[in-house]
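Residue-level structure breakdown
Here are the chains, one letter per residue:
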Amino acid sequence: MANLLDGKTTAQKIQSQLREKIKTLEPQRGRPPGLAVLMVGDNPASAVYVRNKEKSCERVGIASFGQHFPADTSQEELKEAIANLNEDDRVDGILVQLPLPEHLDAVSLLYEIAPHKDADGLHPMNLGGLVRGEKGLRSCTPAGVMRLLEEYQIPLAGKRAVVLGRSILVGKPMALMLLEANCTVTVAHSRTENLEAIASEADILIAAVGRPEMVGANCIKPGAVVIDVGINRLEDANGKSRLVGDVDFQAAEPIAGYITPVPGGIGPMTVAMLLQNTVESYQKRI
Ligand SMILES: Nc1nc(=O)c2c([nH]1)NC[C@@H]1CN(c3ccc(C(=O)N[C@@H](CCC(=O)O)C(=O)O)cc3)C=[N+]21
Ligand SMILES: [Mg+2]
């Protein structure tokens, strides 16, 4: 049976370290770090994540400046809200919760966030820094994956990594971070031919496709490190909802060497990295 990569415990450890850091910095600074999460509309999954983020902020001592906008909010109104937060000295991190309602253009909004307050690492400036291998704010989910691999001292240099998915939020930055860690990286996606054959060559397999339990036994090399980034809410016959990843955990666990659970894997690591990015911006500001 595979070893479990415990994101929940690791995230708690990171959060306690951040809490200690804030305790020493806050008296010197005269204010706590601040994070603003902007949510538009009533996507129930987003509402859960945003609530989790705010609870975690409270636990470590980060002030929340979250704003919840109605579904029919205009692009201009959001731009103005971001501009105000850019100017607000109490705010160190800004995040626009994705996905946004159809009528809004997420890509152009991400340009509006001041790069030094970009807690999600999605501003073109920060993505560009990642491409160039510079230090800077990093996308939270792939950063969480890297941090968890580091925690368990998984060797990466020279290993074959396969990323399933090519989103701007996860797949693309994930591939670049693995490349920076000297993996040999392949990105596979919905148009990839022979996906199973490619996946099963991976020493490190990252599943970020957004399809419940799509990655099965035929995708996994014996002993591989399997990282499940998927968060899918399924309803069972009794109408009860349960959370599953992109990996068929039951099928994968006997084959993999290491595996992340869902829940308790990359989800909590994502939140921990968001808080860490916020504290990093706070430390850098005068
Ligand atoms: N701009 C932006 N940045 C994001 O980082 C971002 C986003 N948009 N949109 C949505 C996704 C999803 N996401 C999660 C965060 C925490 C959990 C999390 O805490 N999951 C818990 C369980 C939570 C539950 O019970 O529902 C776990 O996996 O153990 C999951 C998913 C951040 N996202
Ligand atoms: Mg895809």
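Per chain, the residues get numbers from 1 upward, laid out in the order the sequence is written. Numbering of ligands from 1 and lettering of chains from A proceed in the order in which they are written. Predicted model: local features are reported for residues with pLDDT of at least 70 only, side-chain atom pairs are reported and counted for 80 or more only, and whole-chain, interface and lining totals are derived from all residues. By convention in this description, side-chain values take in all heavy atoms of the structure and omit both hydrogens and water.

Some points on the packing of aromatic side chains
What counts here: Between the rings of Phe, Tyr and Trp (Trp by its six-membered ring), a pair exists once the centres lie within 6.5 Å; its type follows the angle of the planes, with under 30 degrees stacked, over 60 edge-to-face, and the other angles tilted. In our convention, an over-ring charge means Lys NZ or Arg CZ found within 6 Å of a ring centre and within 35 degrees of that ring's normal.
Scanning the model with the defined rule gives zero aromatic pairs in all. Over the face of the ring belonging to tyrosine 282 we find arginine 29, whose NZ or CZ atom lies 4.8 Å from the ring centre.

Structural notes on a positive patch on the surface
Put simply, the rule reads: Patch rule: a residue counts if its relative accessible area is over 30% and it has no salt bridge; like charges are joined within 9 Å, and nonpolar side chains (Val, Leu, Ile, Met, Phe, Trp, Tyr) within 5 Å. Computed by Shrake-Rupley with a 1.4 Å probe, the accessible areas treat only the displayed protein chains as cover when residues are assessed. By salt bridge we mean one thing: a side-chain nitrogen of Lys or Arg within 4 Å of a carboxyl oxygen of Asp or Glu. By the counting rule applied here, Lys and Arg register as positive and Asp and Glu as negative, while His and the ends of each chain are not counted. Charge positions are represented by NZ for Lys, CZ for Arg, CG for Asp and CD for Glu. Helix and strand assignments come from DSSP, with helices taken as H or I runs of at least 4 residues and strands as E runs of at least 2, each series counted from the N terminus.
Side chains of Arg19, Arg51, Lys55 and Arg59 sit close together on the surface and give a patch of like positive charge. Residue contributions to the positive patch peak at three residues, all from helix α2 (residues 44-60). When you line up the elements, lysine 55 lands in helix α2.

Concerning the UniProt feature "domain: Tetrahydrofolate dehydrogenase/cyclohydrolase NAD(P)-binding" (unreviewed entry) in the protein chain
Filter applied, for reference: UniProt positions are given in the numbering used here, feature names are shortened, and annotations may be inferred rather than shown by experiment.
Annotation from UniProt places "domain: Tetrahydrofolate dehydrogenase/cyclohydrolase NAD(P)-binding" (unreviewed entry) at residues 139-285. Across residues 139-285, helical content stands at 34% and strand content at 19%; the span's end C-alpha atoms are separated by 20 Å.

Observations concerning the domain arrangement of the protein chain
Selection rule: Domain start and end points were adopted from an automatic or database domain assignment.
Entries for the protein chain in the domain assignment read domain 1 (32-114) and domain 2 (140-267). A C-alpha centroid distance of 27 Å is found between domain 1 and domain 2.

Examining a negative patch on the surface
Taken together, the side chains of Asp72, Glu76, Glu77 and Glu80 present a region of like negative charge at the surface. Tracing the sequence through the fold places glutamate 76 in helix α3 (residues 75-87).

Some points on the site of ligand 1
Put simply, the rule reads: Nearness is defined per residue: one heavy atom within 4 Å of the molecule or strand is enough. Pairs of N or O atoms are called polar contacts if they sit within 3.5 Å, as long as, within protein, a hydrogen donor faces a hydrogen acceptor (for residues adjacent in sequence, only side-chain-to-side-chain pairs). In this classification, Asp, Glu, Lys and Arg are treated as charged, Ala, Val, Leu, Ile, Met, Phe, Trp, Tyr, Cys and Pro as nonpolar, and every other residue, Gly included, as polar.
As a matter of local geometry, ligand 1 sits amid 19 residues, with Val96, Leu98, Asp120, Arg233 and Gly264 nearest to it. In the environment of ligand 1, a nitrogen atom lies 2.8 Å from a nitrogen or oxygen atom belonging to the backbone of valine 96. Glycine 264 is positioned such that a nitrogen or oxygen atom in its backbone is 2.6 Å from an oxygen atom of ligand 1. In isolation ligand 1 has 670 Å² of accessible area, and contact with the protein removes 83% of it. Broken down by class, the residue content of the shell around ligand 1 amounts to 11 nonpolar, five polar and three charged. Mapping the shell around ligand 1 onto the domain boundaries places at least three of its residues in each of domain 1 (32-114) and domain 2 (140-267).

A few points about helix α6 (residues 140-151)
Rules: Helix span, expected: 1.5 Å multiplied by one less than the number of residues in the helix. Burial status follows relative accessibility: with a 1.4 Å probe on protein chains alone, a residue under 20% of its type maximum counts as buried, one over 50% as exposed, and anything between as partly exposed. Contacts: residue pairs with any heavy atoms within 4.5 Å of one another.
Helix length check: α6, at 12 residues, gives a terminal C-alpha distance of 16 Å against a target of 16 Å (1.5 Å per residue), a fit within 8%. Taken across its 12 residues, α6 has 10 buried, putting it largely inside the fold. Considered for burial, the residues of α6 that qualify are Cys140, Thr141, Pro142, Ala143, Gly144, Val145, Met146, Arg147, Leu148 and Leu149. Summarising the contacts, the buried residues of α6 are in contact with α1 (7-29), α7 (171-180), β8 (204-207), β9 (225-228) and α10 (266-284). Directly after α6, the chain includes glutamine 153, whose backbone phi takes a positive value near 50 degrees.

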